[in-house]
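The chain contents come next:
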Amino acid sequence: MNLNEIKDYLDQDWKRTANYIEDSLKSDIDLLDKTNRSILSHSGKQLRPLISLLVARACSGGNPANDDSCRYAAGAELLHNATLLHDDVADDSDQRRGMPTIRSMMGPSVSVLIGDYWLVKAMGLILESKTETGKVIRLFSRTLSDLAEGEILQLQKAQSGDTDENDYIRIIFNKTASLFEAAAVSAAISVKAAEETIHAVREYAVSLGLAFQIRDDIFDYSPEMNTGKPAGVDVLEQKITLPLLGAFAYAGKEKEDAIREKVRRIMETPERTRKEILSFVRENKGMDYARKVLDGYIGKALDALKQLPESRDRDYLEELAHFVAERKS
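All chains use their own residue numbering, which begins from 1 and follows the written sequence. Under the rules for a predicted model, residues below a pLDDT of 70 receive no local features and side-chain atom pairs below 80 are neither given nor counted, while totals for whole chains, interfaces and linings still include all residues. To get the side-chain values, take all heavy atoms of the structure and skip hydrogens and water.

Caption draft 1: Molecular detail of the overall build of the protein. The number of helices and strands found in the protein is 16 helices and 2 strands. Compactness check: the protein gives a C-alpha radius of gyration of 20 Å against a globular reference of 20 Å for 329 residues, within 12% of the reference. For the protein, the C-alpha atoms occupy an extent of roughly 55 × 50 × 35 Å along the three principal directions. Taking all 329 residues of the protein together, 55% fall into the buried category. Within the protein, contacts between residues at least 6 apart in sequence are counted, and of these 76% link residues at least 24 apart. We get accessible surface area from the Shrake-Rupley algorithm with a probe of 1.4 Å; when it comes to residues, only the shown protein chains can shield them. Here the protein displays about 15,000 Å² of accessible surface, and carbon together with sulfur accounts for 50% of that area. When charges are tallied, Lys and Arg are placed among the positive residues and Asp and Glu among the negative ones, while His and the ends of the chain are skipped. By convention, charge coordinates are those of NZ in Lys, CZ in Arg, CG in Asp, or CD in Glu. Side chains of the protein carry 45 positive and 54 negative charges; the gap between the two charge centres is 1 Å. Numbering goes from the N terminus for both helices and strands, where a helix is a DSSP run of H or I of at least four residues and a strand is a run of E of at least two. This radius of gyration counts C-alpha atoms alone. The globule rule is 2.2 Å times how many residues there are, raised to the power 0.38. A simple rule labels every residue: compare its accessible area, found with a 1.4 Å probe on the protein chains alone, to the largest value its type can have, and call it buried under 20%, exposed over 50%, or partly exposed in between. Residues count as neighbours in contact if any of their non-hydrogen atoms are within 4.5 Å of one another.

This is how it looks when you write it as structure tokens:
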């Protein structure tokens with residue numbers, strides 16, 4: 001699907017949200033202002049504000065989003081980009097969205113500082129709202145806590161090499177799905193949706209966020225796909241993700257133990273071990289396993305949407321679920 005079609009459909013709601021993002025980031029410090037505008041010019045898919053605005057409209061009978069809906073949608077996108085600026089430092093990333101990262105061009109300290117700036121601007125937008133401001137601040141604050149815990153748990157598990165599927169789901173909820181949840185639930189709150197509606201929206205967003213990250217992790221074992229990222233980066237960082245966990249389930253305990261040991265010691269022979277583990281995952285149906293779990297979460301997301309009244313906005317939320325399942329980058 002074409003995400004620009006949804007932006008055109010959202011029309012003034014999308015323009016107002018984009019204006020909130022741009023206006024929040026303006027600075028009379030030329031270096032900061034130019035850097036912010038450069039980041040915005042390569043803004044990625046912007047899924048979180050799209051979902052946020054569609055949820056607000058779907059929960060209010062198809063009415064245009066109100067001012068607080070747009071504020072919360074903009075806040076979700078600002079927060080997302082803040083975390084990416086921080087992640088690039090944590091992961092020593094040189095590229096993001098096909099472009100050099102701020103970390104690689106200006107150094108890690110600048111990337112952290114600009115990430116902090118975006119984070120503060122996100123919270124400032126929310127604090128200027130009028131609908132359940134305290135509840136929404138607590139929601140986004142919990143998301144920030146989840147993100148930090150997810151990063152630390154992932155680091156801990158990379159060191160120990162004992163990640164199981166429960167650990168994996170917790171990590172990807174904290175690092176990815178939690179912000180999807182905040183974007184969608186804050187939107188439902190902005191239009192004073194009933195509790196049962198908020199519950200359905202939360203189920204949709206969390207399931208979609210988990211599926212989104214699983215799709216990313218499938219990319220890491222798909223060298224034939226032109227995603228703009230080299231295959232095997234996760235395993236080089238000693239991250240055990242769902243395709244590898246699925247291969248463990250198929251290969252048996254003895255082989256699993258041997259591969260886990262190779263992951264722990266991957267820096268001894270990184271390139272050879274990377275190729276070996278990529279082959280292991282393919283030979284032991286790890287991709288099929290991950291795809292089955294992904295499809296299960298997409299099914300949960302679509303089932304949750306049935307609790308919302310029929311509308312074009314709900315139809316677009318369904319299309320976004322299919323987009324997440326099949327996206328190529």
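Caption draft 2: A look at the packing of helix H10 (residues 195-219) against helix H16 (residues 312-326). Close contact between H10 and H16 brings their axes to 8 Å; oriented N to C, the two are set at 20°. Between H10 and H16, the interaxial angle falls into the category roughly parallel. Both H10 and H16 take part in a crossing whose hand is left-handed. The segment H10 lies against H16, with Tyr 204, Leu 208, Ala 211, Phe 212 and Arg 215 engaging Leu 317, Leu 320, Ala 321, Val 324, Ala 325 and Glu 326. A breakdown of the residues in the contact of H10 with H16 according to their chemical character gives 9 nonpolar, no polar and 2 charged. What counts as an axis is a line fitted to C-alpha atoms, over the stretch in contact for a helix, and the angles between N-to-C directions run from 0 to 180 degrees. Between 65 and 115 degrees an angle is taken as roughly perpendicular, under 35 as roughly parallel, over 145 as roughly antiparallel, and anywhere else as oblique. By convention, the crossing between two helices is left-handed when the near helix turns anticlockwise from the far helix through less than a right angle, and right-handed when the turn is clockwise. Under the scheme applied here, ten amino acids are nonpolar (Ala, Val, Leu, Ile, Met, Phe, Trp, Tyr, Cys and Pro), four are charged (Asp, Glu, Lys and Arg), and all others, including Gly, are polar.

Caption draft 3: Fine view of the environment of Lys 239. Inspection of the secondary structure assignment puts Lys 239 in the loop between helix H11 (233-236) and helix H12 (242-251). Judged by its relative accessible area of 13%, Lys 239 falls in the buried class. Sequence-wise, Lys 239 and Gln 159 are 80 residues apart; in three dimensions their C-alpha atoms are separated by 9.0 Å.

Caption draft 4: Structural context of empty space enclosed by the protein. In this analysis, the protein atoms alone were mapped onto a 1 Å grid. Cavities are point sets where a 1.4 Å probe fits without being able to get out; pockets are open sets with protein on both sides within 12 Å along at least five of seven lines; lining residues have an atom within 4 Å of a point. Grid points are joined across faces, edges and corners, and a volume is the space filled by probe spheres set on the points. Using the criterion set out here, one finds 1 cavity of 30 Å³ or more in the structure. What the largest cavity holds in volume is close to 40 Å³. In terms of lining, the largest cavity is formed by Ile 21, Ile 39, Leu 40, Ser 43, Gln 46, Glu 77, Asn 81 and Trp 118. Those elements giving two or more residues to the lining of the largest cavity turn out to be helix H3 (30-40) and helix H5 (67-90). Of the residues contributing to the lining of the largest cavity, the split by class is 4 nonpolar, 3 polar and 1 charged.

Caption draft 5: Summary view of the packing of aromatic side chains. Note on aromatic pairs: the rings of Phe, Tyr and Trp (six-membered ring only in Trp) are paired at centre separations within 6.5 Å, and the planes decide the class, stacked below 30 degrees, edge-to-face beyond 60, tilted for the rest. Inspection of the entire model under this criterion finds 3 aromatic pairs. Ring plane angle 45° and centroid distance 5.1 Å describe the contact between Tyr 9 and Tyr 316, whose orientation is recorded as tilted. Of this pair, Tyr 9 sits in helix H1 (residues 3-10) while Tyr 316 sits in helix H16; the two residues are 307 residues apart in sequence, bridging distant segments of the chain. Of the two residues, Tyr 9 and Tyr 316, neither departs from the other in class, the shared state being buried. With 6.0 Å between their ring centres and 50° between their planes, Phe 248 and Phe 280 make a pair best called tilted. Taken together, the residues span a long stretch of sequence, with Phe 248 in helix H12 and Phe 280 in helix H14 (residues 270-283) at a distance of 32 residues. Across the pair, exposure class does not vary: Phe 248 and Phe 280 are buried alike. Lysine and arginine charges are scored as sitting over a ring when NZ or CZ, respectively, is within 6 Å of the ring centre and within 35 degrees of the ring normal. Taking the ring centre of Phe 212 as reference, the NZ or CZ of Arg 48 above it sits at 5.7 Å.

Caption draft 6: Up close: the nonpolar core. For our purposes a nonpolar core is just a set of buried Ala, Val, Leu, Ile, Met, Phe, Trp, Tyr and Cys residues, chained together by side-chain atoms within 4.5 Å. Ranked by size, the top nonpolar core spans 101 residues in total, and within it Ile 214 and Leu 244 carry the most contacts. If one sorts the elements of this core by residue count, helix H9 (residues 165-190) sits on top with 13 residues.

Caption draft 7: Highlighting the pattern of salt bridges. A side-chain nitrogen of Lys or Arg and a carboxyl oxygen of Asp or Glu constitute a salt bridge if their distance falls within 4 Å. The full count for this structure, using the stated rule, is 30 salt bridges. Across the pair Lys 26 and Asp 23 runs a salt bridge whose closest N-O atoms are separated by 3.3 Å. Judged by relative accessible area, which is 56%, Lys 26 ranks as exposed. One salt bridge in this structure joins Glu 149 and Arg 170, with 3.9 Å as the shortest N-O distance. Of this pair, Glu 149 sits in helix H8 (residues 133-160) while Arg 170 sits in helix H9, and the two are 21 residues apart along the sequence.

Caption draft 8: Expanded view of the environment of Glu 149. When its relative accessible area of 38% is taken as the criterion, Glu 149 is described as partly exposed. It is 8.1 Å that separates the C-alpha atoms of Glu 149 and Ile 171, two residues lying 22 residues apart in sequence. Not counting residues up to four positions away in its chain, the partners in contact with Glu 149 are Arg 170 and Asn 174.

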